[in-house]
Amino acid sequence: MRDDLLALSSESLVVLANVGLVKRAQKEVESGAGPTIEEADDGTVVAHSKDGATTRIPRNTTLKGAACSCGAATVCRHRVAAVLAYQRQFARTEQPSGTEASWSPGAFTDEALREVCGDAAMTRAQAFLRKSYLVTTRPGTVPVASLPASTVQFLAPNALALAKCDCTKGGACEHVVLAVWAFRARPEGGVFELGTADHESGTAALAQVESALRAVMMRGLSDTGATTELTRARVHADQAGLVWIADGIEDLERQKDAYDRQSAFFDSRRCSLLVGELVARIRASRNSKLLPPRWVLGSDEARETLLEQVRLISLGARLDADNERRFATIYFAERDTKSVLALRASWSFTGADKPRNGFELAQMFASSRMSVAALAKGDIVTRAATRRANGEIDLAFARGMKSSVLPGGSAWDDLPEPILVRSLETHEQRTRGRPPSFLRPRQIGDGVHVLAIARVVEIGYDAAEQELVAIVEDQAGARCILRTKHRTVSPGAVDAARDALENGARFVSGELCRTRHGWEIQPLGIGTDRLVVPDVEKPRSAEALPPAMGAHNDDALGATLHAFEEFVDRAVQKGWPLFVPAAPALAARLDETGLDRLGERVASFGAGSEDGFFDLLVLRMLLHEASADE
Ligand SMILES: [Zn+2]
Ligand SMILES: [Zn+2]
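Residues numbered from 1 in each chain as written. Chains lettered and ligands numbered in written order. Predicted model: local features only at pLDDT ≥ 70, side-chain atom pairs only at ≥ 80, totals over all residues. Heavy atoms only, no water.

- An unreviewed UniProt entry lists the protein chain under the name SWIM-type domain-containing protein, with Labilithrix luteola as the source organism.

**Some points on the coordination of the zinc ion (ligand 2)**
- Around the zinc ion (ligand 2), the protein contributes the donor atoms C165 (SG), C167 (SG), C173 (SG) and H175 (ND1), which lie 2.1 to 2.3 Å from the metal centre.
- Around the zinc ion (ligand 2) sit four donor atoms; with metal-centred angles ranging over 102 to 118°, the donor geometry is tetrahedral.
- Given a relative accessible area of 0%, C165 falls into the buried group. (Donors = N, O, S within 2.8 Å, 3.2 Å for Na, K, Ca; no water. Tetrahedral: all angles 85-135°; square planar, octahedral: opposite > 155°, others 65-115°. Buried < 20%, exposed > 50% of the residue type's maximum accessible area, 1.4 Å probe, protein only.)

**Notes on the coordination of the zinc ion (ligand 1)**
- The protein atoms that coordinate the zinc ion (ligand 1) are C68 (SG), C70 (SG), C76 (SG) and H78 (ND1), at distances spanning 2.1 to 2.3 Å.
- Note that the zinc ion (ligand 1) binds four donor atoms; their angles at the metal cover 106 to 113°, and the shape is tetrahedral.
- Sequence spacing of the donors to the zinc ion (ligand 1): C-x1-C-x5-C-x1-H.
- Its relative accessible area of 11% is what places C68 among the buried residues.

**Some thoughts on the domain arrangement of the protein chain**
- Segmentation of the protein chain into domains returns domain 1 (3-89), domain 2 (105-194), domain 3 (200-297), domain 4 (420-427 + 439-536) and domain 5 (556-627).
- Look at where the C-alpha atoms of domain 1 and domain 3 centre, and you get two points 53 Å apart. (Domains from an automatic or database assignment.)

**A closer look at the sheet that holds strand β8 (residues 163-165)**
- Taken in spatial order, the five strands make up an open sheet running β8-β7-β6-β5-β9, and their pairing is antiparallel. Each end of this open sheet is capped by a strand with a single partner; those strands are β8 and β9 (190-194). Taking each pair of neighbouring strands and ignoring which way they run, the sheet shows an average axis angle of 20°.
- Relative to strand β7 (residues 151-154), strand β6 (residues 144-146) runs antiparallel, the two being bridged by three bridges. Bridge pairing in β7 links A145 to V152.
- Where helix α6 (residues 174-185) meets the sheet, its contacts fall on β5 (133-138), β6, β7, β8 and β9, and the angle it forms with β7 comes to roughly 70°. (Pairing = 2+ DSSP bridges. Helix = DSSP H or I, 4+ residues; strand = E, 2+ residues; numbered from the N terminus. Axes fitted to C-alpha atoms, helices over the stretch in contact; angles between N-to-C directions. Contact = heavy atoms within 4.5 Å.)

**Considering the packing of helix α18 (residues 583-592) against helix α19 (residues 596-605)**
- Packing of α18 against α19 brings their axes to within 8 Å, and their N-to-C directions diverge by 170°. Classified by the angle their axes make, α18 and α19 are roughly antiparallel. On the side of α18, the interface is formed by A583, L586, A587, L590 and D591, while α19 contributes D596, L598, G599, V602, A603 and F605.
- Among the residues forming the contact of α18 with α19, the class breakdown is eight nonpolar, one polar and two charged. (Parallel < 35°, antiparallel > 145°, perpendicular 65-115°, else oblique. Nonpolar A, V, L, I, M, F, W, Y, C, P; charged D, E, K, R; others polar.)

**Some points on unusual backbone geometry**
- Following E417, the chain continues to P418 via a peptide bond in cis, the omega torsion being 5°.
- Positioned with a positive phi, N60 is a non-glycine residue whose angle comes to about 55°.
- Phi is positive for Q262, close to 50°, though the residue is something other than glycine.
- By the element assignment, Q262 lies in the loop between α9 (243-260) and α10 (268-287).

Quick look at the structure:
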């Protein structure tokens, strides 16, 4: 009896093959036109198809590696039909999902690994352990292990050969071996460091980065020397493989560039938060006992990964403007790895070529063949896409791209959790125990979710802020505020968002933030019977809306905190030594408002210490994280 084949659900078959093949094979088998099945003494399943093809599936062989006389090198219809016919013959009844018990791939022995994956894969896996190697495990009915360059899904209990890897080999590879080892160490799930760390080069690079930050903070980001200093620090971090540090410095360099060009993209608050994050990551890598240093620094992230085949379901898009330049970010859900990826594109308009906005901008090509609008509403299957460590996806060399238009809300219905949020309460519990965002992997799609809307409570317009403000409820009645601001780059956004909310909105996508007003989201997309992407829609003239409920009351506490934040932000720009004389007054004000702990820190910064300023940077970022008030 082949329990491994019986345990394969149809969803798992889809992962191993694709939807089309599975549907066709299902029809064939159900109509009685499927193959006849024999099982040899050694457990090999032999299937004879009506079209003459013979398929042999021995034990411990991947579906791709099973021999089929049709000669296809990948999983073909015969192989899928053989599994389905076998299940039918032995009366596998599909269990409702969620009822299967969870199991751990850590139970596989090294002998089993060697038999299925081969000696070469074992040797390659061991070679990885000469350096540090980080794996994140997620238990469940289909346990998943995220490796630096690929993701392994264990599709059927006790069937190593049916573990799917998204590397080009597809399974029975060194990644499956490493994934099993990680599950042995971390059966309960979480991030684990396999192998031995080589801290030498990382330590030296971190010291370089830290001294660069010290130099820049002394003279301020506005100083002309800051650019060279930051670039040099990024190169050091990059060469030492500190991916999150290099990525963070790159963001800071973009801010410095925007400052020099006097661009609207420059954001002094963002600068403080970035420096604070870099300081926090460096400190945590030295002091944290809970998080592996290499996880905090991004040491084991592959800068780029080639995805053999990937299906991208659009979650909507955001357009941005910076003088004559235009940017689009399109967000996608990747079902298999339950991650959110993003595609970025930008254009420079010069001379007679006037900058485009909204609907017109969305007609521009964002990849070699598809417009922003088509991608932003699309369901795309492609080969040879590239994924950067930060979740950015590149379709420049993609092949065999197929796309269809998403049918709106229903396409998001079967997105996996946690991308899909049906209950804000559950989401809150899930996110509460996580490390703070400034120590987590730097992912563009971090925090982007689809929220299922049970009811639109109210829609209003804040004329002063030129902002559409709506309140929606999830199925349990928990509320979330939606905000769509009127911006020149997206002239149709407010009308489109309002229209969608008034006409059967079932889902909203965007970065789900916890603020002092509760949950908030700035819609990237709204699912009605079609998918509405506010930023790329045409404007329509609409009648006036009732004024929105006021959500801008500032109290004494808020004002004092704001003064503190501004103090830090300005010191980042101008260099902290200039601000030492002003510290005692601010410390006194914080004291008076009851923020004496914060006041103490500001007072000790007033003694003129560099580390004291780094403390303030981290505190400023923690305040932001706590209120997350965008
Ligand atoms: Zn075949
Ligand atoms: Zn692999």
